[in-house]
Amino acid sequence: ENELLQTISRRLGVLIALQMRTQREDFSTTEGVELLSRFGMPNHEIAEILNTSSNTVNVMKNRIRKRK
């Protein structure tokens, strides 16, 4: 039950993130990776949403971590 609630919560977060993306035309893939990562999404799901590869998502996450 708890796992189901976490999955639902994560999916709602994704919907919110995607809605935000459609509101801004200049939303970058890096911003998308950063935002969706905060919701705890795995790389393969982020890649699918952003239409890129899991490897690209991994590289972007590493660059984001180094920036901080």
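Throughout, residues of each chain are indexed from 1 in the direction in which the sequence is written. It should be noted that, the model being predicted, local features are given only for residues of pLDDT at least 70 and side-chain atom pairs only at 80 or more, the latter also being counted only at that level, while totals for whole chains, interfaces and linings use all residues. Note that the side-chain values use all heavy atoms of the structure and ignore hydrogens as well as water.

Attention now moves to unusual backbone geometry. Note: most peptide bonds trans; most residues except glycine with negative phi. With phi around 60°, Asn 51 is a residue other than glycine that occupies positive phi space. Mapping Asn 51 onto the fold places it in the loop between helix H3 (43-50) and helix H4 (54-67). Buried, partly exposed and exposed residues are distinguished by accessible area as a fraction of the type maximum, computed with a 1.4 Å probe on protein chains only: under 20%, between the cut-offs, and over 50%, respectively. Residue Asn 51 is classed as exposed on the basis of its relative accessible area, which comes to 72%. Only DSSP runs of H or I covering at least 4 residues are called helices, and only runs of E covering at least 2 are called strands; the numbering of each starts at the N terminus.

Here the focus is the confidence of the model for the chain. In predicted models, pLDDT denotes the confidence assigned by the predictor to each residue on a 0 to 100 scale. Averaged over every residue, the pLDDT of the chain is 85; residues scoring 70 or more account for 93%. Of all helices and strands in the chain, the one with the weakest mean pLDDT is helix H1 (residues 2-23) (80), whereas H4 scores best (95).

Oppositely charged side chains can pair when the atoms bearing their charge come close. One side-chain nitrogen of Lys or Arg within 4 Å of one carboxyl oxygen of Asp or Glu is enough to make a salt bridge. Across all of its chains, the model carries 3 salt bridges by this definition. Here Glu 34 ties to Arg 67 by a salt bridge, and the two come within 3.9 Å at their closest N and O atoms. Taken together, the positions of Glu 34 in helix H2 (residues 29-38) and Arg 67 in helix H4 put the pair 33 residues apart, joining distant regions of the chain. Each of Glu 34, Arg 38 and Arg 67 takes part in a single network of salt bridges with overlapping partners.

The contact between H2 and H3 brings their axes to 10 Å, and the two run at 140°. Judged on the interaxial angle alone, H3 and H2 are oblique. Along this stretch, H2 crosses H3, giving a crossing that reads as right-handed. Note on element contacts: H3 touches H2 through Ile 46, Ile 49 and Leu 50, opposite Thr 29, Gly 32, Val 33, Leu 36 and Ser 37. Its residues placed into classes, the contact of H2 with H3 shows 5 nonpolar, 3 polar and no charged. All axes are obtained by fitting lines to C-alpha atoms, using only the stretch in contact for helices, and the reported angles, taken between N-to-C directions, cover 0 to 180 degrees. Roughly parallel here means an angle under 35 degrees, roughly antiparallel means over 145, roughly perpendicular means 65 to 115, and every remaining angle is called oblique. Two helices that cross are described as forming a left-handed crossing if the nearer one is turned anticlockwise from the farther one by less than a right angle, and a right-handed crossing if clockwise. Contact between two residues is taken to exist if any of their heavy atoms lie within 4.5 Å; hydrogens are not considered. Amino acids outside the nonpolar list (Ala, Val, Leu, Ile, Met, Phe, Trp, Tyr, Cys, Pro) and the charged list (Asp, Glu, Lys, Arg) are all regarded as polar, and Gly is one of them.

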